[in-house]
Amino acid sequence: MDKRRNSKGGQRSRRGILLDDDDDARGDSQNFWGPCKTLHDYFIDLSRKRASVREEALSTILKALTLNIEQKFVELNFVTLVYQCLHFIKKGSLTEMKQAAHIIGLLSMITTTVEKVHEAYEDVLTALSQGGLKPKLKTLEILGCLTVVTFFGASNSDETESVMKLLWDLINPGTDSSIERKDSPAVLTAMISSWSFLLSTIDGWRLSHKNWQGAITYFSNIIDSNDEELCAAACEALALVFESNCLEKFSSATKDSNKELKDNIIKQLRSRLSETGNERISSQDPRTGFNSASAALDFLEDGKCANTHVTIGGQKLILSTWSQKVQLKFLKHFLRNDGFVKHMMENENFHNVFDFHPKRRNDWGNVLYVPEREEVTILLFRPMVARHNDCSLLPSLTRDKQLAKKKTMSPNSHLSKARTQLLKKQRDLSLKEREFDCFDY
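Residues numbered from 1 in each chain as written. Predicted model: local features only at pLDDT ≥ 70, side-chain atom pairs only at ≥ 80, totals over all residues. Heavy atoms only, no water.

1. Section: the packing of helix 4 (residues 94-110) against helix 13 (residues 322-346)
The geometry of helix 4 relative to helix 13 is characterised by a closest axis approach of 12 Å and an angle of 50° between their N-to-C directions. For the element pair helix 4 / helix 13, the angle class is oblique. Along this stretch, helix 4 crosses helix 13, giving a crossing that reads as right-handed. Contact with helix 4, carried on its side by His102, Gly105, Leu106, Met109 and Ile110, involves Leu331, Phe334, Leu335 and His343 of helix 13 and no other residues of that element. For the contact of helix 4 with helix 13, a count of residues per class yields six nonpolar, three polar and no charged. (Axes fitted to C-alpha atoms, helices over the stretch in contact; angles between N-to-C directions. Helix = DSSP H or I, 4+ residues; strand = E, 2+ residues; numbered from the N terminus. Parallel < 35°, antiparallel > 145°, perpendicular 65-115°, else oblique. Left-handed = near helix turned anticlockwise from the far one by under 90°. Contact = heavy atoms within 4.5 Å. Nonpolar A, V, L, I, M, F, W, Y, C, P; charged D, E, K, R; others polar.)

In structure tokens form, the structure reads like this:
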């Protein structure tokens, strides 16, 4: 792994950027690429008049928060950053809007302050619910921002469901709606994935009885879509609906009709999977490690979700419910693979969501234990010898000193050998610490 260290503070740098907000670290220090700038410097650059400077600052902050858990920077500047990013969403260029939306999502998943992230949720929802900004919800980055902020910031199921309703009105505007369906498959897929992601956080009995009527029929109609990702999103949504065990909230049909509807969905999935060569359905989604359509079919037929697992940092994460699978897929898509692994290993919020507690290991696979204290104890047996008061005992004190010196100072003594082994072990530990001074996930 390529590492560069500043001689003063030992800070990590990437392409001339010191990923640290310590004011003392700023100055005229230089590396191979030129003057180093900290995250705080780029934070200041967000207020510059030149658009190119602002875009560079947004891009750098976005990259830093994706690939590193800049906890201190986030906690110190959370509120100001959210408001600045909301300003870019409202009045910035397309590039600024997309980057700012993504940054708000990252801030929400990093901060550990509940009050801050809930305030961000309220501000983002208020801004995007306004008539002038509502069309921007169909921008993928805005969708991701609203969904992630709701996931981490909503304080109860009603707040989550209000955002789901906002998304549902875009997904299924209805015949009487003034919203015309012109969305691309990618945008529709993103909206359904966002809706499913939020549904995965709510217990079925808490859902409204009136908001989601007709959802099962709508998603079953999408299964026949020619777009593979759209079909996968519909399958995941249906699996979550059936996993909630509250079908009456997603369909106005009777229990017998719901059973018939379920049988029809199973037939659709079988037909889809039996297409010649399975041309339109890949065998496995690289983000989750399973095929959504095939897994949904197995779930509907067997009535239980099969366990799957993904390996993160050399450790297995078991996914035993559809809710977990949908959450992992969405967050991995939002952060991309490198960012997702970093957050899974170091982000406390992710540990709580997935009940995942990683153990840090070095590159050669063994945990490096460094004891705080080591001692060597040697027991020597010295038999008692009867001595007589004669002239031969006069130099006995000298002989005792020589014996003690032989047992402790001689290079062939047990104590010297033990001391040598201990020093050698400590040297090996020091060398390995310098070689593996940080962990590569």
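2. Here's the deal with the pattern of salt bridges
As enumerated under the stated definition, the model contains 10 salt bridges in all. Between Glu96 and Arg54 there is a salt bridge, with its nearest N and O atoms 2.8 Å apart. With Glu96 in helix 4 and Arg54 in helix 2 (residues 51-67), the pair connects residues that are 42 residues apart, well separated along the chain. Arg54 matches Glu96 in its accessibility class, with the two residues each being buried. (Salt bridge = Lys/Arg side-chain N within 4 Å of Asp/Glu carboxyl O. Buried < 20%, exposed > 50% of the residue type's maximum accessible area, 1.4 Å probe, protein only.)

3. Brief notes about the side chain of Lys342
By secondary structure assignment, the location of Lys342 is in helix 13. A relative accessible area of 17% means that Lys342 is categorised as buried. In terms of polar contacts, Lys342 uses its side chain to reach the side chain of Glu346, at 2.9 Å. (Polar contact = N/O pair within 3.5 Å; in protein donor to acceptor, adjacent residues only side chain to side chain.)

4. Observations concerning the packing of aromatic side chains
Throughout the structure, instances matching the rule amount to 15 aromatic pairs. With 6.5 Å between their ring centres and 85° between their planes, Trp195 and Phe250 make a pair best called edge-to-face. Separated by 55 residues along the polypeptide, Trp195 in helix 8 (residues 185-199) and Phe250 in the loop between helix 10 (228-243) and helix 11 (255-273) bring together distant segments of the chain. By relative accessible area, which is 0% here, Trp195 ends up buried. (Phe/Tyr/Trp six-rings, centres within 6.5 Å; stacked < 30°, edge-to-face > 60°.)

5. Here's the deal with the nonpolar core
Counting 115 residues, the largest nonpolar core has Met109, Trp195 and Phe219 as its most contacted members. Residues in contact with Met109, not counting those within four places in the same chain, are Val148, Phe152, Leu331, Phe334, Leu335, His343, Asn347, Asn349 and Phe350. (Core = buried A, V, L, I, M, F, W, Y, C linked by side-chain atoms within 4.5 Å.)

6. Thoughts on helix 7 (residues 157-171)
When the terminal C-alpha atoms of helix 7 are compared, their 20 Å separation across 15 residues agrees well with the 21 Å that a helix rising 1.5 Å per residue should span. Residues of helix 7 that are buried: Ser157, Glu159, Thr160, Glu161, Val163, Met164, Leu166, Leu167, Trp168, Leu170 and Ile171. Check the buried side of helix 7 and you find it contacts helix 5 (114-129), helix 6 (140-153), helix 8 and helix 9 (215-222). The opening residue of helix 7, the one whose side-chain oxygen lies 3.1 Å from the backbone nitrogen of Asp158, is Asn156. (Expected span 1.5 Å × (residues − 1).)

7. Quick look at empty space enclosed by the protein
Enumeration according to the criterion identifies one cavity of 30 Å³ or more in this entry. A volume near 30 Å³ is recorded for the largest cavity. Lining the largest cavity are Phe78, Val79, Val82, Tyr83, Lys116, Glu119, Ala120 and Asp123. Broken down by secondary-structure element, the contributors of at least two residues to the lining of the largest cavity are helix 3 (71-91) and helix 5. Residue classes in the lining of the largest cavity are distributed as five nonpolar, no polar and three charged. (1 Å grid on protein atoms, 1.4 Å probe; cavity = no way out; pocket = protein on both sides within 12 Å on 5 of 7 lines; lining within 4 Å. Points joined across faces, edges and corners; volume = space filled by probe spheres on them.)

8. Quick notes on unusual backbone geometry
Trans peptide bonds make up most of the peptide bonds, and negative phi angles are found at most residues other than glycine. Residues other than glycine seldom take positive phi values, yet Asn245 does so here, at roughly 60°. Of note, Asn245 is situated in the loop between helix 10 and helix 11. Taking relative accessible area as the criterion, Asn245 reaches 67% and is therefore assigned exposed. At Asp355, a residue that is not glycine, the phi angle is positive and equals roughly 50°. Among the structural elements, Asp355 can be located in the loop between helix 14 (348-354) and helix 15 (396-408).

Taken by themselves, the reported measurements are silent on function.
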